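# Summary of the model geometry
Chain by chain, the residues run as shown.
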Amino acid sequence: MIARASKLFLPTLREDPADAEAVSHKLLVRGGFVRQLATGLWSFTPLGWRVQRRIEQIIREELDAFGAQEWLAPVLTPIELWETTGRAGIPELFRLQDRTGRRYILPLTHEETFAFHGRELRSYRELPQWWYHFQTKDRDEPRPRGGLLRVREFIMKDAYSFDRDAAGLEHSFRLHEQAYVRIFERCGLETYEVQAESGIMGGSGSMDFLAPSASGENTLVTCENGDFAADIEVASTVPRPPSFPERLDAPQEVETPGATTIDDLAKLLDVDPAATSKAMPVVKADGTLVLGLLRGDDRLEEMKMLAALGSDFRPATEDEIRAAFGADPGSLGPIGFDGEVVADNALREGQFVAGANRTGWHLLGVEAARDFEPRFADLRQSREGDSCPTCGGRLRFQVAIEVGHIFKLETTYSGPLEARFLDEDGTEKTVLMGSYGIGPGRVMAAIVEQHHDELGIRWPASVAPYDVHVVALAGAEEIAERAAERLDAAGKAVLLDDRADARAGEKFADADLIGIPVRVTVGRKSLEDGAVDVRDRTTGEERRVAVEEL
């Protein structure tokens, strides 16, 4: 097919949007691919929608290849389904009522809907089932940013697997995992598959697909030797060893007036901050106060604490701290605390300085297992200077975009919604589910983040809005038509820039900005030799080709 620029809505801009920071935000707006309707709400122009549809088709082909079946479920969802699974209180949900007062939500994902439909699976003979759809999602996002990277409404491909047992769920999980690897390869994306935190989705485990990008919101941790990759929220890495003071046979109390921070304490006592401990008192959802304990030079990774506690939590207030510890914040420690202590694994070995639970005092030589009995867990946030847990190699920390996430949900949704089947032994069992998501719009943004230069976008051929961009210069319109027709006959999707009111420089600038993989320039010289200039957008290589050989 041939699309003519003179008829196409092609609102390119020369300047970046004033509020744009992400490269993809700047270039997708400037290239005329998207337009903002309101904060976090974006319209796709015909050019942008062609890219979105090509990404969707790649996803569709890879899922169909192993037998997944495409559905379309409604956006408007009865809130009762979400109340049944306990997710109706998620603050990011849009809620509404119809004229009769019946309550609905606009879901940000469709686990409840597909678990509801999964109730029609009656026998083990019907399993496994793999279902997916492309549908609009809505999220009451408090801080939309980055163009398509964090929005309030978006289209997502979400898929769901239904299996009879753990082995079946593992097989379904791996099928989707392998499909995702192929999808991102076909889209031209560099991605890393990493273990991730399941968050509000629940279940027994999940994997993220992260695409390195300066505009992302995730942090990807990788080893220089290629044997480790993880999202920072779950990365378990090895911190540098502390420099410990002389060992003590028992804790020794020392006065530390005004030393309420780790830096103050380390300076006052002339100790390595890594040889101190940091008290993080938190309150669980049931009101229980728990003492989290970290090495003094570390920061708490909240997702790890959430996993360790198995509950939402908040920082304890000063009044709660004084009631539980008998001391002000800044002098807290595990010895004498009558409650659960969850200590980071870095505190397993060695003696640390800890608060004495007496305002203005600390204890030297505090040793886990000897002086207090904690429950150990990985709580610390990985950071620069840590080593690889696999080989000890140097770690690299990169900003990245989450472009896909897959989950083993097990019975998180099928249990409450009573999706059961009759197994081979005659017993009724609950279906085990998996969930698998990709946002084509975010994939589009990630592609731009990884494929651009100072002139504009450089689309991989697999997702470009058109295959070839034919630029007709003044006086060569007729031969440009012939070139476009030859390419069309060869099965190429062609954008023909036939705008009579656009100068040559404007056409070239738009071609570079829009980023179609191949540009064919037809000028006055073409009238003389019947040839055109064919330029590769990515490499810049150019060659002269006869029109009849296109």
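See the structure shown above.
Structural notes, computed from the coordinates. (Residues numbered from 1 in each chain as written. Predicted model: local features only at pLDDT ≥ 70, side-chain atom pairs only at ≥ 80, totals over all residues. Heavy atoms only, no water.)

## Description of the overall build of the protein chain
Short version of the rule: In DSSP terms, a helix is any run of H or I states spanning at least four residues, a strand is any run of E spanning at least two, and both are numbered starting from the N terminus. Each residue is assigned to one of three classes by its accessible area relative to the maximum for its type, calculated with a 1.4 Å probe on protein chains only: buried under 20%, partly exposed between the two thresholds, exposed over 50%. In this analysis, two residues are considered to be in contact whenever any of their non-hydrogen atoms come within 4.5 Å of each other. Computed by Shrake-Rupley with a 1.4 Å probe, the accessible areas treat only the displayed protein chains as cover when residues are assessed. Charge counting treats Lys and Arg as positive and Asp and Glu as negative, with His and both chain ends excluded. Charge placement uses NZ in Lys and CZ in Arg. For Asp and Glu, CG and CD serve respectively.
Summing up its helical and strand segments, the protein chain has 12 helices and 32 strands in all. With the principal axes as the frame, the protein chain shows a C-alpha extent of 95 × 65 × 50 Å. Looking at the 550 residues of the protein chain, the share that counts as buried comes to 51%. Long-range pairs, those at least 24 residues apart, make up 69% of the contacts in the protein chain between residues at least 6 apart in sequence. In the form shown here, the protein chain has an accessible surface area of approximately 24800 Å², with 47% of it arising from carbon and sulfur atoms. Charge-centre separation for the protein chain: the mean point of 65 positive side chains lies 4 Å from the mean point of 94 negative side chains.

## Description of the packing of helix α2 (residues 46-64) against helix α9 (residues 440-450)
Relative placement of two packed helices is described by the angle separating their axes and the distance separating the axes. Note the following rule: For helices, the fitted axis covers only the stretch in contact; all axes are lines through C-alpha atoms, and the angles between them, taken along N-to-C directions, range from 0 to 180 degrees. Throughout, the term roughly parallel applies to angles under 35 degrees, roughly antiparallel to angles over 145, roughly perpendicular to angles from 65 to 115, and oblique to all others. Only Asp, Glu, Lys and Arg are considered charged, only Ala, Val, Leu, Ile, Met, Phe, Trp, Tyr, Cys and Pro nonpolar, and every remaining residue, Gly among them, polar.
Contact pair α2 / α9: the axes reach a minimum separation of 9 Å and the direction vectors enclose 110°. Between α2 and α9, the interaxial angle falls into the category roughly perpendicular. Facing α2, whose interface residues are Gly48, Val51, Gln52, Ile55, Glu56 and Ile59, α9 presents Pro440, Gly441, Val443, Met444 and Ile447. The residue inventory of the contact of α2 with α9, partitioned by class, reads 7 nonpolar, 3 polar and 1 charged.

## What to know about the sheet that holds strand β19 (residues 352-355)
Operational definition: When DSSP finds two or more bridges between a pair of strands, those strands are recorded as paired.
One open sheet holds the 3 strands; their spatial order is β14-β20-β19, and the pairing between them is antiparallel. Looking at the sheet topology across the chains shown, the edges are occupied by β14 (252-255) and β19. Geometrically, the sheet is characterised by an average inter-axis angle of 35° between neighbouring strands, direction not taken into account. Across 4 bridges, the pairing between β14 and strand β20 (residues 361-366) is antiparallel. Paired with Gln252 across the two strands is Leu364, which belongs to β20.

## Here we look at the pattern of salt bridges
Selection criterion: We count a salt bridge whenever a side-chain nitrogen from Lys or Arg sits within 4 Å of a carboxyl oxygen from Asp or Glu.
Summed over the entire model, instances satisfying the criterion amount to 51 salt bridges. With its nearest N and O atoms 2.6 Å apart, the salt bridge here joins Arg150 to Glu217. Of the two residues, Arg150 sits in the loop between β8 (129-138) and β9 (153-163) while Glu217 sits in the loop between β11 (205-212) and β12 (218-223), which places them 67 residues apart along the sequence. Here Arg174 makes a salt bridge to Glu177, at a shortest N to O gap of 2.9 Å. Of this pair, Arg174 and Glu177 both sit in helix α5 (residues 166-186), separated by 3 residues, roughly a single helical turn. Owing to a relative accessible area of 12%, Glu177 belongs among the buried residues under this scheme. Among the charged side chains, a salt-bridge network with shared partners connects Arg295, Asp297, Asp298, Arg380, Arg383 and Asp386.

## Considering the pairing of strand β3 (residues 41-44)
Pairing analysis gives 4 bridges linking strand β2 (residues 34-38) to β3, with the strands arranged antiparallel. Across the sheet, residue Val34 finds its bridge partner in β3, namely Phe44. Turn length for the β2-β3 hairpin, with the two strands adjacent in sequence and antiparallel, is 2 residues, and the turn residue Gly40 shows positive phi of about 80°.

## Some words on the layout of surface pockets
Stated formally: In this analysis a 1.4 Å probe is tested at points of a 1 Å grid over the protein atoms alone, and where it fits but cannot get out there is a cavity; an open set with protein on both sides within 12 Å along at least five of seven lines is a pocket; lining residues have an atom within 4 Å of a point. Grid points are joined across faces, edges and corners, and a volume is the space filled by probe spheres set on the points.
The volume enclosed by the second largest pocket comes to roughly 260 Å³. Forming the walls of the second largest pocket are 15 residues, and the residues nearest its centre are Thr260, Ile262, Lys278, Ala279 and Gly330. Those elements giving two or more residues to the lining of the second largest pocket turn out to be α6 (262-269) and β15 (277-284). Here the element with the most residues in the lining of the second largest pocket is β15; it accounts for 4 residues. Looking at the lining of the second largest pocket residue by residue, the class counts come to 7 nonpolar, 7 polar and 1 charged.

## Comments concerning the state of the cysteines
Rule in force here: Cysteine sulfur pairs qualify as disulfides if the two atoms are within 2.5 Å.
What the rule picks out here adds up to 0 disulfides. With no disulfide of its own, Cys388 lies 3.7 Å from the sulfur of Cys223, the closest cysteine sulfur.

## Digging into the packing of aromatic side chains
Let me state the cut-off plainly: Ring pairs shown here join Phe, Tyr and Trp side chains whose ring centres sit within 6.5 Å, with only the six-membered ring taken for Trp; geometry is labelled stacked below 30 degrees between planes, edge-to-face above 60, and tilted in between. Any Lys NZ or Arg CZ that is within 6 Å of a ring centre and within 35 degrees of that ring's normal is treated as a charge sitting over the ring.
Applying the stated criterion across every chain yields a total of 15 aromatic pairs. The structure contains a cluster of three or more aromatic residues connected by ring pairs, namely Trp71, Phe114, Trp131, Tyr160 and Phe162. It is Arg358 that lies over the ring of Trp361; its NZ or CZ is 4.0 Å from the centre.

## Things to note about the side chain of Ser382
Worth spelling out the cut-off: Identification of polar contacts relies on pairs of N or O atoms within 3.5 Å, with a donor-acceptor requirement for protein atoms, meaning one able to donate a hydrogen and the other able to accept it, and with residues adjacent in sequence counted only if both atoms are side-chain atoms.
By secondary structure assignment, the location of Ser382 is in the loop between β21 (375-377) and β22 (395-410). The exposure class of Ser382 is buried, given its relative accessible area of 2%. Here the side chain of Ser382 touches Ala235 through a polar contact of 3.1 Å, landing on its backbone oxygen. Here Thr237 takes part through its side chain, which lies 2.7 Å from a polar atom of the side chain of Ser382.

## Focus: the side chain of Thr521
Following the sequence through the fold, Thr521 ends up in strand β30 (residues 518-522). The buried category is assigned to Thr521, whose relative accessible area is 10%. Only 3.5 Å separates the side chain of Thr521 from the side chain of Arg519, close enough to count as a polar contact. In contact with Thr521, not counting residues within four places along its chain, are Val471, Leu473, Phe508, Ser526, Val532 and Asp533.

## Concerning the sheet that holds β15
One open sheet accounts for 5 strands, arranged β17-β15-β16-β18-β21; its pairing is mixed. In this open sheet, the two edge strands, each paired with only one partner strand, are β17 (313-315) and β21. For this sheet, the mean inter-axis angle between neighbouring strands, taken without regard to orientation, is 35°. Examined bridge by bridge, strand β18 (residues 341-344) and β21 share 3 bridges and lie parallel to one another.

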